[in-house]
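Fold and contact review
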Amino acid sequence: MVNANMYSDQYLSALDNYIMDTTFKSELMASAQVWQTFWLHSDVQIEGDPALQLCVRFNLFELNQSAGRNEQTSIPAKGLTGNGYGGHFFWDTEIFMLPFFTYTQPEVAKKLLMFRYHTLQIAKEQASDFGLEKGAMYPWRTINGYESSAYWLAGQAQFHINADIAFAVEQYYEITHDEAFIRNYGFEIILETARFWMEYGNYAQLNGKRQFVLNRVTGPDEYSALVDNNYYTNALAQNNLRLAVKYARKFRGDDGILSRLNVTVDEIKSMDQAAESMYLPYDKRKNVKLQFQDFEQLPKMDLASIDQSKFPLLLHYHPLMLYRQQVNKQADTVMVDFMFPEGNTLDQLKADYEFYEPITTHDSSLSKAIYAIIAARIGKDKQAYNFFSQAVQTDLMDVHHNTKNGIHAGSLGAAWEGIMYGFVGIVNNATSFSLKPHLPVTWNCVKFRVHLYGNEFKFSVYQDSVEAELLSGKGADISVYDDKKHLTPKHAKETWHYSNQF
Ligand code: IFM
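In this text, all values refer to a predicted model and were calculated from it rather than measured experimentally.

**Description of the overall build of the chain**
The helix and strand inventory of the chain stands at 17 helices and twelve strands. Relative to the 2.2 N^0.38 estimate, which gives 23 Å for 502 residues, the radius of gyration of the chain is 23 Å and therefore close to what a compact globule would have. Among the 502 residues that make up the chain, the fraction classed as buried is 56%. For the chain, restricting intrachain contacts to residue pairs at least 6 apart in sequence, the fraction spanning at least 24 positions comes to 64%. Across the chain, 45 positive and 58 negative side-chain charges occur, with their mean positions spaced 4 Å apart.

Below, the structure written as C-alpha cells:
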C-alpha cells in the first residue's frame with residue numbers, strides 16, 4: 001500500500017508539472033493525431049452492415065485505449081472501464097486480443113509480450129515454490145506477475161496459460177519476423193514454459209501405447225475442472241514443446257544462446273519425444289476430439305429443458321453439478337480447431353462443432369466469436385453471422401447484463417478475430433499470408449490493413465474477389481484460396497477472383 005501511494009504521488013506530481021507546461025488545445029490536437037493514426041492503420045470497414053460497423057469501431061477503440069504500452073502492464077479483462085476481475089490480466093490478452101495488435105500495431109504487441117518477459121523470473125520462482133525443478137509457471141490471473149487466483153481449482157490450475165503465452169510469442173514472430181525479439185526474449189519464454197510441461201507431465205501406458213500425459217489440469221472451459229488430459233491443454237503444450245525444439249535447433253551453434261539458457265541436446269530430445277507422444281483424447285466412434293479423458297462417460301446436460309432464467313448456469317448451479325455433466329461454459333476443444341486449422345479436415349471441424357455447440361451455454365463472453373469462426377469455416381453461414389453479431393455487440397448492447405462491471409475486453413478482441421479468422425478467413429500462423437474469405441451475404445466488402453513481415457498491406461475483400469495493395473515494405477506472398485501471388489513495390493497491387501467454396 002505504501003508503495004502504491006508513493007507511485008500515485010509521483011505520478012500525480014509528474015502530471016501536475018506536465019499540465020503546467022501544456023494547454024488543452026495542444027493536448028486535444030495531440031490526442032486527435034494519435035487516434036487518426038490509429039484509425040488509419042487499424043480500422044476495419046464493413047460495407048453493408050452499419051449497425052455492426054458501429055460495434056466493431058467501439059470495440060477497436062476500447063481495445064486500443066486499454067492496452068498497456070510500458071512493458072510493465074498488459075490488458076485487464078475489463079479494460080480500463082471497471083472493477084470487474086480486480087484489473088487482472090488473463091489468457092484473454094494473448095489469445096483473444098493480441099492478434100489484433102500483432103497484425104495492426106506490432107510495436108504494441110511486442111510491449112504486451114515484454115510484460116510476460118519481464119515477469120518470467122517471477123513465473124520461474126512460482127514453479128520452484130510449487131515444487132518443480134525447472135520451468136516457469138505463469139499466473140492464471142495477475143497484475144504484477146504473481147498468481148492472484150483466489151480459487152486455485154478454477155484459476156491456478158488453468159496451466160494452459162503457459163502454452164497460450166508461447167503460442168502468442170510464436171504468432172508475433174511469424175507475423176513480424178522480429179529476429180531480435182525471438183533471440184533475446186521470445187525463445188526464453190518458449191523454453192521455460194516448455195520446461196514446465198516436462199516437469200508437470202509424465203509418461204503412461206494408454207491404449208496400448210506409451211503416451212505423454214498431463215493429469216489434473218483445468219482447461220479453458222470453466223464448467224469443468226481438474227480433469228485428466230484436457231485436449232486443449234495437451235494440444236497447446238504439444239505446440240509449446242515443438243516450438244522449444246524448433247528454436248533450439250534454429251539457435252544451435254549460435255553465439256551462446258543455448259548455453260546461456262542451459263539447454264542440452266538431451267533436454268531437447270526429451271521435449272521432442274514428449275511432444276510427439278502427447279496424448280490427445282479422441283472418440284473414434286463419434287470422430288470427435290474429446291474435451292478430456294473419459295469425457296464421454298459423463299451424462300449430457302439437457303440445456304433445452306432448462307428455463308432461461310437459470311442462465312448463466314454458474315449463478316444457479318453448484319459447480320460440482322456442472323463438473324459432472326457434459327456442459328460447456330465456453331469454447332474449449334473447438335479452440336484447437338480455431339488455432340490450428342491446418343491439422344483438421346472439414347469433416348473433423350464439422351464433427352467437433354456439431355458435438356460441442358449443443359452442450360455450450362456461451363455463458364462466457366469469449367465463446368460466441370470462436371463458434372462464429374468455426375461456423376464460417378464449415379459453411380454454416382447463418383450461425384456464423386448470428387454468433388458473430390452477438391459477440392460483437394457484447395458491451396454496446398450489454399448482452400451479458402454485466403457491462404456495468406466493465407467491458408469484456410477479450411470478447412471485443414475475439415470479435416475482431418471473428419471477422420479476420422472467420423469471414424476473411426486468415427489462416428493462422430501460415431508461412432505466407434493466406435485468405436479464404438466467406439463473407440456474410442449482406443456484407444459488400446471488408447476493408448482493413450495489416451502488417452506482415454515488415455510490410456503494410458491494404459485489403460478489400462468482396463463477395464467474389466480480393467484486392468491487395470502493398471503500402472510499404474519490400475513485399476511478400478499473399479494467397480487467396482491457395483492461389484499465391486507475390487507483391488513488390490514495383491508490382492504493388494493484385495486482384496483475385498474466387499467463388500464461394502461451400
Ligand atoms: O479468462 C476468462 C475465462 O476464460 C472465462 N472467465 C473470465 C475470464 C476473464 O475474462
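Additional details are given in the paragraphs that follow.
**Some thoughts on the sheet that holds strand β12 (residues 493-497)**
Pairing in this open sheet of five strands is antiparallel, and the strands run β1-β7-β8-β9-β12 from one edge to the other. Every interior strand has two partners, whereas the edge strands, β1 (44-47) and β12, have only one. Taking the axes of each pair of neighbouring strands and ignoring which way they run, one obtains an average angle of 20 degrees across the sheet. Looking at chain direction, strand β8 (residues 455-462) and strand β9 (residues 465-472) are connected through six bridges and run antiparallel.

**Examining the site of the ligand**
The ligand sits among Ala77, Tyr85, Phe90, Trp91, Asp92, Trp140, Glu222, Lys329, Gln330 and Leu366. At 2.5 Å from an oxygen atom of the ligand is found a side-chain nitrogen or oxygen belonging to Asp92. Between the ligand and Gln330, the relevant distance is 3.0 Å, taken from an oxygen atom to a side-chain nitrogen or oxygen of the residue. Considered on its own, the ligand offers 280 Å² of accessible surface; in the complex 93% of this is hidden by protein. Across the shell around the ligand, the residue classes tally to six nonpolar, one polar and three charged.

**Observations concerning the pairing of strand β7 (residues 445-452)**
Most of β7 is tucked away: six of the eight residues are buried. Where β7 folds back on β8, the antiparallel hairpin that results is connected by two residues, among which Tyr453 adopts a positive phi of roughly 50 degrees.

**Comments concerning the sheet that holds strand β11 (residues 483-487)**
Remark on secondary structure: sheet strands pair via backbone hydrogen bonds, oriented parallel or antiparallel. If you trace the three strands from one edge of the open sheet to the other, you get β6-β10-β11, paired in mixed fashion. Of all the strands in the sheet, just β6 (433-435) and β11 have a single pairing partner and so form its edges. Strand-to-strand twist across the sheet, computed as the mean angle between neighbouring axes with direction ignored, equals 25 degrees. When β6 meets strand β10 (residues 476-480), the two strands line up parallel, connected through three bridges. Along β10, the bridge assignment pairs Ser434 with Ser479.

**Some words on helix α6 (residues 120-130)**
Turning to α6, its buried residues are Leu120, Ile122, Ala123, Gln126 and Ala127. Buried residues in α6, looked at end-on, bunch into an arc of 160 degrees, giving them a common side. On its buried face, α6 is in contact with α5 (106-118) and α8 (179-200). Of the residues flanking the end of α6, it is Gly131, one or two places downstream, whose phi is positive at about 110 degrees.

**With respect to the pairing of β1**
Burial of the side chains of β1 is restricted to one face: Val44 and Ile46 are buried, whereas none of Gln45 and Glu47 on the reverse face is. Examined bridge by bridge, β1 and β7 share four bridges and lie antiparallel to one another. Within β7, the position partnered with Gln45 by the bridge is Lys447.

**Digging into the UniProt feature "domain: Glycoside hydrolase family 65 C-terminal" (unreviewed entry) in the chain**
Residues given the UniProt feature "domain: Glycoside hydrolase family 65 C-terminal" (unreviewed entry) here are residues 433-484. Taken as a whole, residues 433-484 contains 0% helix and 65% strand, while its terminal C-alpha atoms sit 9 Å from one another.

**Examining the packing of helix α4 (residues 91-104) against helix α17 (residues 409-423)**
Contact pair α4 / α17: the axes reach a minimum separation of 8 Å and the direction vectors enclose 55 degrees. In terms of axis orientation, α4 runs oblique to α17. Like other packed secondary-structure pairs, α4 and α17 cross with a definite hand, here left-handed. Residues Asp92, Ile95, Phe96, Met97, Pro99, Phe100, Tyr103 and Thr104 of α4 form the contact with α17, whose participating residues are Ala409, Gly410, Gly413, Ala414, Trp416, Glu417 and Tyr421. Tallied by class, the residues present in the contact of α4 with α17 amount to ten nonpolar, three polar and two charged.

**Here's the deal with the packing of aromatic side chains**
This structure, assessed with the given rule, holds 43 aromatic pairs. Look at Phe130 and Phe159: their rings are 6.2 Å apart centre to centre, the planes differ by 65 degrees, and that puts the pair in the edge-to-face class. With Phe130 in helix α6 and Phe159 in the loop between α6 and α7 (160-176), this residue pair connects regions lying 29 residues apart in the sequence. Judged by relative accessible area, Phe159 falls into the buried class, the value being 6%. In this structure, Arg210 is placed above the aromatic ring of Tyr203, and the distance from its NZ or CZ to the ring centre is 3.8 Å.

**Remarks on the pattern of salt bridges**
Per the stated rule, a full pass over the model turns up 24 salt bridges. Among the ionic pairs, Lys246 bridges to Glu170, the shortest N-O distance being 2.6 Å. Of this pair, Lys246 sits in helix α9 (residues 231-250) while Glu170 sits in helix α7; the two residues are 76 residues apart in sequence, bridging distant segments of the chain. Judged by its relative accessible area of 4%, Glu170 is buried. Between Glu456 and Arg449 there is a salt bridge, with its nearest N and O atoms 3.8 Å apart. The burial state of Glu456 is the same as that of Arg449; both residues are buried. A single salt-bridge network, built from bridges that share partners, covers Lys124, Lys134, Glu192, Arg195 and Glu267.

About the thresholds
- Residues numbered from 1 in each chain as written.
- Predicted model: local features only at pLDDT ≥ 70, side-chain atom pairs only at ≥ 80, totals over all residues.
- Heavy atoms only, no water.
- Helix = DSSP H or I, 4+ residues; strand = E, 2+ residues; numbered from the N terminus.
- Rg over C-alpha atoms; globule rule 2.2 N^0.38 Å.
- Buried < 20%, exposed > 50% of the residue type's maximum accessible area, 1.4 Å probe, protein only.
- Contact = heavy atoms within 4.5 Å.
- Lys, Arg positive; Asp, Glu negative; His and termini not counted.
- Charge placed at Lys NZ, Arg CZ, Asp CG, Glu CD.
- Pairing = 2+ DSSP bridges.
- Axes fitted to C-alpha atoms, helices over the stretch in contact; angles between N-to-C directions.
- Near = heavy atom within 4 Å.
- Polar contact = N/O pair within 3.5 Å; in protein donor to acceptor, adjacent residues only side chain to side chain.
- Areas by Shrake-Rupley, 256 points an atom, 1.4 Å probe, with all protein chains shown as cover.
- Nonpolar A, V, L, I, M, F, W, Y, C, P; charged D, E, K, R; others polar.
- Arc of directions from axis to C-beta.
- UniProt positions renumbered as here; feature names shortened; annotations may be inferred.
- Parallel < 35°, antiparallel > 145°, perpendicular 65-115°, else oblique.
- Left-handed = near helix turned anticlockwise from the far one by under 90°.
- Phe/Tyr/Trp six-rings, centres within 6.5 Å; stacked < 30°, edge-to-face > 60°.
- Lys NZ or Arg CZ within 6 Å of the ring centre and 35° of its normal.
- Salt bridge = Lys/Arg side-chain N within 4 Å of Asp/Glu carboxyl O.

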